[in-house]
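For reference, the chains in residue letters:
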Amino acid sequence: MAKHRDIPAYDAQAIEEKWQRIWEEQDLFKTEEDPSKPKRYVLEMFPYPSGDLHMGHARNYAIGDAMARQARMAGYDVMHPMGFDAFGLPAENAAIKNHTQPAVWTYANMDTSLATMRRMGFSYDYDRLVRTCDPSYYRWEQWLFLKMWEKGLVTRKTSPVNWCPSCKTVLANEQVVDGRCWRCDSVPERVELEQWYLKITDYAQELLDGLDTLTGWPERVKQMQRNWIGRSEGANIAFALADDAGEPTEETFTVFTTRPDTLFGATFFLLAPEYPGLDALVLPEHEAEVAEVKAIAEATSAFDRQATEREKHGAFTGRYVVNPVSGRLLPIWVADYVLTDYGTGAVMGVPSGDERDFQFARKYGLPIPPVVVGEDDPLYEELKDVTGLEVMDVPWESAMAAEGRLVQSGPFTGMKGGHGSEAVRAIIDWLSERGLGEAKVEWRLRDWLISRQRYWGTPIPAVHCPKCGIVPVPEDELPVVLPATLDLAAGETLAECPEFYETTCPVCGGPARRETDTMDTFCDSSWYYLRYLDPHDDQGPFTRESVGRWMPVDNYIGGIEHAILHLLYSRFWTRVMRDLGLFDADAAEGELSEPFTNLLCQGMVKDEHGDVMSKSKGNVVPPSSVIGPYGADTMRMAVLFVAPPEKDFNWDPNAVAGCNRFIKRAWRLVFELAPEGWLEAADEIDPAALSGEAAKLNRSLHALGLRCTRDFDRGQYNTAISAMMELANAAGAYLSAVAEGERDAALTAKVARALVALLAPICPFVTEELYHEALGFEGSVYDEPWPAFDEAQTVTETVQIAVQVLGKVRARIDVPRDIAEDELEARALEAVSRQLEGKTVRKIVSVPGRLVNIVAT
RNA sequence: GCCCGAGUGGCGGAAUGGCAGACGCGGCGGUCUCAAAAACCGCUGACCGCAAGGUCGUGUGAGUUCGACUCUCACCUCGGGCACCA
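Residues numbered from 1 in each chain as written. Chains lettered and ligands numbered in written order. Predicted model: local features only at pLDDT ≥ 70, side-chain atom pairs only at ≥ 80, totals over all residues. Heavy atoms only, no water.

### Examining the overall build of chain A
Check the secondary structure of chain A and you find 27 helices and 34 strands. When each of the 857 residues of chain A is scored for burial, the buried share is 54%. Here the contacts in chain A between residues at least 6 apart in sequence split such that 73% fall between residues at least 24 apart. Of the roughly 37400 Å² of accessible surface on chain A, a fraction of 49% belongs to carbon and sulfur atoms. (Helix = DSSP H or I, 4+ residues; strand = E, 2+ residues; numbered from the N terminus. Buried < 20%, exposed > 50% of the residue type's maximum accessible area, 1.4 Å probe, protein only. Contact = heavy atoms within 4.5 Å. Areas by Shrake-Rupley, 256 points an atom, 1.4 Å probe, with all protein chains shown as cover.)

### Digging into the protein's contact with RNA strand B
Residues in contact with RNA strand B amount to 56 residues; listed here are only the nearest, Tyr-342, Arg-356, Arg-444, Val-642 and Arg-812. The sugar-phosphate portion of RNA strand B accounts for 67% of its atoms within 4 Å of the protein, the bases making up the rest. Here the residues of the surface near RNA strand B are counted per class, giving 18 nonpolar, 16 polar and 22 charged. (Near = heavy atom within 4 Å. Nonpolar A, V, L, I, M, F, W, Y, C, P; charged D, E, K, R; others polar.)

### A few points about the pairing of strand E27 (residues 553-559)
Burial runs high along E27: seven of the seven residues are buried. As defined by bridge partners, strand E1 (residues 39-44) adjoins E27 across three bridges and the pair is classed as parallel. The residue bridging Val-42 from the neighbouring strand is Asn-555, located in E27. As paired strands, E27 and strand E28 (residues 596-602) are joined by six bridges and run parallel to one another. For Val-553, the partnering residue across the bridge sits in E28 and is Phe-596. (Pairing = 2+ DSSP bridges.)

### Digging into the packing of aromatic side chains
Enumeration over the complete set of coordinates arrives at 43 aromatic pairs. Each ring, one from Phe-542 and one from Phe-583, has its centre 5.8 Å from the other, and the planes form 35 degrees; the classification is tilted. Residue Phe-542 is located in the loop between helix H15 (528-531) and helix H16 (544-550), and its partner Phe-583 is located in the loop between helix H17 (565-579) and E28; the two are separated by 41 residues in the primary sequence. Of the two residues, Phe-542 and Phe-583, neither departs from the other in class, the shared state being buried. What links up through ring pairs into an aromatic cluster is the set Phe-268, Phe-316, Tyr-320, Trp-333, Tyr-337, Phe-360 and Tyr-364. The aromatic ring of Tyr-197 is capped on one face by Lys-157, whose charged end is 4.7 Å from the ring centroid. (Phe/Tyr/Trp six-rings, centres within 6.5 Å; stacked < 30°, edge-to-face > 60°. Lys NZ or Arg CZ within 6 Å of the ring centre and 35° of its normal.)

### Focus on the nonpolar core
Across soluble globular proteins, you tend to see nonpolar side chains buried next to one another. Formed by 198 residues in total, the largest nonpolar core has its most connected members in Tyr-41, Met-117, Trp-448, Trp-573, Trp-651 and Ile-762. For this core, the element with the highest residue contribution is helix H23 (residues 717-737), accounting for twelve residues. With residues near it in sequence (within four places) discarded, Trp-651 still touches Met-55, Val-605, Lys-606, Asp-607, Glu-608, Met-613, Val-621, Val-626, Met-635, Val-639 and Val-656. Judged by nonpolar contacts, the second largest core, of 36 residues, contains Val-255, Ile-332, Met-348 and Val-371. (Core = buried A, V, L, I, M, F, W, Y, C linked by side-chain atoms within 4.5 Å.)

### Let's talk about the side chain of Arg-259
Structurally, Arg-259 is set in the loop between strand E11 (248-257) and strand E12 (268-271). Here Asp-261 takes part through its side chain, which lies 2.9 Å from a polar atom of the side chain of Arg-259. (Polar contact = N/O pair within 3.5 Å; in protein donor to acceptor, adjacent residues only side chain to side chain.)

Structure (structure tokens):
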């Protein structure tokens, strides 16, 4: 018989401190490694340790932890590790400011962050903690670098690079955002330097194609990557330089174009100001003008390249090329809108087909013959049978948009033009047969510049030998360890540290200089998810067995700001490691190419007014401000409940208080629902024997339990929590409707147990306490199996049916669940008889258990 | 300019093509209290009506359908990505 019990006060601080301690003592979050269970790898993007964790981290990790905990309860063998992306510039800046070493600052911050993670109750396998600044980690990164080098994927190139004067290092293309340094907002300078590159362009096509297989990724992230990779299909076409008589010479210039169909419309020819050999080409009388354009180009490239409507500048060189299809002589101009590092640095000018060429032609008075004209354009009738170039100007305000038919285009006149059109194919074929051109694909993606002139990073394992050139550090000499004695505050760099750079050549044994550049920190984060699998292995970066068991990551959770950089680089490294033969080719699963199966980009946490939280604005709400007064459970629930995971939300202190209210309510409810000694009383429930309020509660239990489980499965934690709230409401309604002595103890206890289990992934502390103190169990709620719910027990004897007339609800009727259709229709007609007066029923649509729609006019 | 995503009460947000607004916040009213807090209960899209009830309502306009927040097309607004990439 149920006995009234005293309900202890909910003391979040005491409960959370207690269980944090016990979990640590029991090593509760250690990976099980039970091959009999299906695996699940849940991963959150590891933080850069810039201080303590902020609200964005709290949200990110609350999502991942709810996922990992629920998966474990649902019977999965769960991998859920954490680490730190510990190299990077802020540590150096802090070290300079505080006259200390970057390592000191970094390790202190990691300790602070770790304490907060434990305080938040995140179920990480802390034995697998990875810090990228530990030599035991970057040793294997150096090893991977050497393997890539062997494979020919590492190159050194001299080319114009972005040098950030404030960070005093070069940047990758990806790290120049809106023309500015991604980290400090300075405008980078373009300088010519020899640097280290990874040949990510070798994988451009594969990285693009792979996106189509990623059905578990948000569309916008895939789209961003597609844009970034930037594949363009077109042709390379050779234009021969004309001699003084206007006859083609042996010397040719190649252009890339995506619109070979407009070739007849090319009336001039453009070279980039930096085009190699340009100066030798220019006739003396044009040298001054050309020099002027070159000067303008040089000046603009240093400016913010943002400006949309940039004035175009050009100068005639005095020379001509021959249009390969029309034979027309095209003047060669130098123009500052032609890019050196895309295509060939030379472009054919088709003013009727390209907006930039159009503007250029108008500015300098060059002819604009129409060659692709829309069929609804008045010009089309006039020109549709014209094959030669007769009309040399257009009445248009801008270049013709893509679609249309070819005119004034010799044998191709009349064909459909546009991107990938029949005219494109026909002209490429024509050129190929004559050796004048070929189909070509261009990419926006550039090779990845990975060397940084900074101290706090993974040293590039190379040696510069005056005799042997640049040689790799032998594997058995790894790791190349960073010296700990640099005085950064005094401006010392690795390049000025003889004890680091003085070495001997591994090939000839003579004196040599060690490479003093370090690797981009994005290299560190490109493979850390693999190191978690074997973090203590000193024989290799990871083992094949672990990769076979755990990869790919099933759920990857992090911010949208990594949509291009980190996620593209990781996809690249995974493919490289695959091609290095570091993974087993599994016949069943296929070779590992994509590291992350499902990606969730969580939204930002903004302040109450919708502004981004930042130290400079002074509007940061630290997690401690919630944990202090309310506890970690409330903090976790608040970030999960207030919005769907992928949406931004504005911080709302009232919503946080509301979550705390629910936890307290659930606390009292579970004590009330589970009478003392309930375990003995917990018989199997016979649903058929339940009636009235008990039957109602039982139905709610199963219906809401199913909904909650489904929402966990699809990662909708906000609605999963709503379902728990509804279950609590249903339980509360039962308690107030049924007197204490008359309650069905087996049922209420079952509800209590379900509520505790459902809430456990979100609020681990309070549920653990309830599991022991209210329900009287011994083990951990984390080991409680996820409760099973039964669809059959959600059905009711009678159902409410909406009766619609012409799609508008006019009445609601209660009918037996298994009512015959004709009787249902009869009752529906009766219920809306008033609305049907004077009308004729044309049709009745019945949806069993839901509604009846009467079509009457 | 090209591409992607999103528009639902006072707010955050729910809704396999089938009763729009679940759940929560805020607000209003009540119970308890000397009082307040806490807690609990009720009401809360707009408009008309004493009421019964009715009309309107998911950015705008069309369409498909017995029925559209949901599907299709066009447009508007906001957010994001790429952008002198030929």
